[in-house]
Amino acid sequence: ASVQLIADGSDSNTASIAVGYVNSIISAYNKRSLTAAMSRHGGVFIEPLRVQPRVWFNEDLKSKNFIVPGLIAVIMTIIAALLTSLTVSREWERGTMEQLISTPVKPGELILGKFIPYFVIGIIDVMIAFAMAAFVFHIPFRGSVALFFILSGLFLTGVLCWGILISVIMKNQLVANQVAFITTFLPAFLLSGFAFPLSNMPRPIEILTHIIPARYFVTISKGIYLKGVGLKILWPQVLLLALFSALMILLATKKFKKTVV
């Protein structure tokens, strides 16, 4: 008999799962029918191939196990970039930048003074997210806690300095906030591999994702959380994050000038 299955493709994920279930049911039914027919004629049906799937790293296939580690990167990006994007621009709007310029404080020292408080806040947020992942969502953690926090600090440094750089260039708080939102949160959510697999993206978009730092931290977070891997596997992502952080520190320091424009 011919069987027709009509699936609603507007929800592709649900449709794919439904089609997979139906194919499994039909295959099982066909196997039982063939076995019964062979038995009636005195034959024995020997199944030529039996698949026994084994899932690694997320054995129960729970979506929260891979969503929460990636979500930590998105949360860090929002908090870091949006907060620091207002630091220097606020000084210009309030008229206090002239007082800072008149002091003997060097540009690097001023950037460091703006950086340290938000770095501490960011690390505290990472600790809160880490605790909630463990005690609220019960996400398995198989890697090194120290390595996770060290690499979180590296990622946080780059994103914080990116926010400071935006704040230095955009001397208006509203504009700086909007630019930070567009250049950090949206890419981190859409182009980091958190919401959509990178391999499913069009080739030009996939190439574009290589300039998104959240892409590398999402890989690091999931690798440490679910696979328990270390620097031996994650060193390419760590190297690129280090280069991004160093570049952001350099640009933020060089771009800030102690002059009144």
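Higher on the page you've got the structure.
Trainee: I'm lost on unusual backbone geometry in this one. Help?
Mentor: The phi torsion of most residues other than glycine is negative, and most of the peptide bonds are trans. Positive phi values are uncommon outside glycine, yet Phe-57 reaches one of about 70°. Taking relative accessible area as the criterion, Phe-57 reaches 34% and is therefore assigned partly exposed. Positive phi, close to 55°, is recorded for His-138, a residue that is not glycine. One can find His-138 in the loop between α5 (107–135) and α6 (145–169).

Trainee: Teacher, can you tell me more about the side chain of Ser-152 here?
Mentor: Note on placement: Ser-152 falls in helix α6. Here the side chain of Ser-152 touches Phe-148 through a polar contact of 2.7 Å, landing on its backbone oxygen. In contact with Ser-152, other than residues within four places in its own chain, are Met-76, Val-126 and Phe-217.

Trainee: What is the right way to read the layout of surface pockets from this model?
Mentor: A water-sized probe rolled over the atoms picks out the places where empty space is left. The computed volume of the largest pocket comes to approximately 500 Å³. Mapped by element, the contributors of at least two residues to the lining of the largest pocket are α2 (63–84), α9 (213–227) and α10 (231–255). Per-element tally for the lining of the largest pocket: the top contributor is α9, with six residues. In terms of residue class, the lining of the largest pocket is made up of 13 nonpolar, four polar and two charged. Quantified by volume, the second largest pocket comes out at close to 220 Å³. Forming the boundary of the second largest pocket are 13 residues, of which Trp-162, Thr-183, Ile-211, Ile-212 and Pro-213 lie nearest the centre.

Trainee: Would you mind going over the pattern of salt bridges with me for this structure?
Mentor: A side chain with one charge can pair with a side chain of the opposite charge if their charged atoms come near. Counted under the stated rule, the structure contains two salt bridges. Salt-bridge contacts for Arg-142 lead to Glu-59; the nearest nitrogen and oxygen are separated by 3.4 Å. In this pair, Arg-142 is assigned in the loop between α5 and α6 and Glu-59 in the loop between α1 (12–40) and α2, connecting sequence segments 83 residues apart. Among the residues examined, Glu-59 registers a relative accessible area of 48% and is labelled partly exposed. For Glu-206, the salt bridge identified is with Arg-203, shortest N-O distance 3.5 Å. A residue pair is termed a helical-turn pair when its members lie 3 or 4 positions apart in one helix, as Glu-206 and Arg-203 do in helix α8 (residues 203–208) at three residues.

Trainee: Can you help me understand empty space enclosed by the protein in this one?
Mentor: Under the definition given, this model contains two cavities of 30 Å³ or more. Quantified by volume, the second largest cavity comes out at close to 30 Å³. Lining the second largest cavity are Ile-79, Ala-80, Leu-83, Tyr-118, Ile-121, Gly-122, Leu-156 and Leu-160. Breaking the lining of the second largest cavity down by element, the ones donating at least two residues are α2, α5 and α6. Residue classes in the lining of the second largest cavity are distributed as seven nonpolar, one polar and no charged.

Trainee: How should the packing of aromatic side chains be read in this particular structure?
Mentor: What the rule picks out here adds up to 15 aromatic pairs. Aromatic pair Phe-141 and Tyr-225: ring centres 4.8 Å apart, planes at 85°, arrangement edge-to-face. Note that Phe-141 is positioned in the loop between α5 and α6 and Tyr-225 in helix α9, a separation of 84 residues in sequence. The exposure class of Phe-141 is partly exposed, given its relative accessible area of 24%. Their ring planes at 90° and their centres at 5.5 Å tell us that Phe-148 and Tyr-225 sit as a pair that is edge-to-face.

Trainee: Help me understand the nonpolar core in this model?
Mentor: Looking at soluble globular proteins, one finds that nonpolar side chains tend to be buried together. Ranked by size, the top nonpolar core spans 54 residues in total, and within it Phe-148, Phe-217, Ile-220 and Tyr-225 carry the most contacts. For this core, the secondary-structure elements that each account for two or more residues are α2, α3 (87–94), α4 (97–102), α5, α6, α7 (173–190), α9 and α10. Ranked by the residues each element gives to this core, the list is headed by α6, at 11 residues.

So, how was this worked out
Residues numbered from 1 in each chain as written. Predicted model: local features only at pLDDT ≥ 70, side-chain atom pairs only at ≥ 80, totals over all residues. Heavy atoms only, no water. Buried < 20%, exposed > 50% of the residue type's maximum accessible area, 1.4 Å probe, protein only. Helix = DSSP H or I, 4+ residues; strand = E, 2+ residues; numbered from the N terminus. Polar contact = N/O pair within 3.5 Å; in protein donor to acceptor, adjacent residues only side chain to side chain. Contact = heavy atoms within 4.5 Å. 1 Å grid on protein atoms, 1.4 Å probe; cavity = no way out; pocket = protein on both sides within 12 Å on 5 of 7 lines; lining within 4 Å. Points joined across faces, edges and corners; volume = space filled by probe spheres on them. Nonpolar A, V, L, I, M, F, W, Y, C, P; charged D, E, K, R; others polar. Salt bridge = Lys/Arg side-chain N within 4 Å of Asp/Glu carboxyl O. Phe/Tyr/Trp six-rings, centres within 6.5 Å; stacked < 30°, edge-to-face > 60°. Core = buried A, V, L, I, M, F, W, Y, C linked by side-chain atoms within 4.5 Å.

Coordinates in, geometry out; function isn't part of it.
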